[in-house]
Amino acid sequence: MIQRPATLLTPPILALTLFLLTGCGAGTDLAQRPPPGYVGDVAARVSAVDWAQARPVTVQLDEFRFQPDRLAFERGTPYRLTLENRGTVAHTFTSEGFFKAIAVRRVTTAQGAVETPALVNLEIPAGQADVVEFVPVEAGTYDLACHEPLHSSFGMTGTITVR
Ligand SMILES: [Cu+2]
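As recorded in an unreviewed UniProt entry, the chain goes by the name EfeO-type cupredoxin-like domain-containing protein, listed as coming from Azospirillum baldaniorum.

Here it is in structure tokens:
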């Protein structure tokens, strides 16, 4: 059966559009105990580096891209990663592989700071910024994506390399 263009205006599609615009994403999820597969000894790893030397990196998020969308980090170097949502809806910074490859010292959001969490997901509300202080541990190349509905299919993807 051939779908006519008029079906694009049916209520389910309108509901989906509202869902997209209001950004009902996965939400920020910071685990206080590392799930399986995450880096261990996080407290020891983050205390082994000089945070006064942390390198600042900023990624801007908007509809529908990460800028820059290719990130590279070096093992053993402390970073202070600022994720700025300059868009008009919530976006996530999600990379399961990368999150499992780093030791996180602290995540600071509008709700406050969380010490040594395991990152499961980061959702940044429109107009806000999260700051992630971390040390890369495992080398690899990891996929980055926004997990808000359909955003990755609109091109909101990237790559993170740890050397
Ligand atoms: Cu997004």
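That shown, we press on.
Novice: Looking at this structure, I do not really get the overall build of the chain. What am I missing?
Specialist: For the chain, the helix and strand inventory stands at three helices and 12 strands. Counting over 163 residues, the chain shows a buried share of 40%. Partitioning the intrachain contacts of the chain with sequence separation of at least 6 by distance along the chain shows that 75% fall at a separation of at least 24. Carbon and sulfur atoms make up 54% of the accessible area of the chain, which totals about 8800 Å².

Novice: Sorry if this is basic, but what is going on with unusual backbone geometry here?
Specialist: Excluding glycine, residues mostly carry a negative phi; peptide bonds, for their part, are mostly trans. Here the residue pair Glu63 and Phe64 is connected by a cis peptide bond, since its omega of -5° sits within 30 degrees of zero. By the secondary structure assignment, Phe64 is in the loop between strand S2 (55-62) and strand S3 (65-67). Cis geometry marks the peptide bond from Gln67 to Pro68, where omega comes out at -5°. Tracing the backbone shows Pro68 in the loop between S3 and strand S4 (70-73). One non-glycine residue with positive phi stands out, namely Asp41, at about 50°. Relative to the elements of secondary structure, Asp41 occurs in the loop between strand S1 (29-31) and helix H2 (42-47). We note that Leu150 has phi near 75°; this positive angle belongs to a residue other than glycine.

What counts as what
- All residue numbers here refer to positions counted from 1 along the written sequence of the relevant chain.
- Thresholds applied to this predicted model are a pLDDT of at least 70 for local features of residues and 80 or more for the giving and counting of side-chain atom pairs; totals over whole chains, interfaces and linings are not thresholded and use all residues.
- With hydrogens and water excluded, all non-hydrogen atoms of the structure serve as input to the side-chain values.
- Only DSSP runs of H or I with at least four residues qualify as helices, and only runs of E with at least two residues qualify as strands; both kinds are numbered from the N terminus onward.
- Exposed residues in this analysis have more than 50% of their type's maximum accessible area, buried residues have under 20%, and partly exposed residues fall in between, with area computed by a 1.4 Å probe over protein chains only.
- Only heavy atoms enter the contact rule, under which two residues are in contact if any of them lie within 4.5 Å.
- Residue burial considers only the protein chains on display, and all accessible areas are found by Shrake-Rupley using a 1.4 Å probe.

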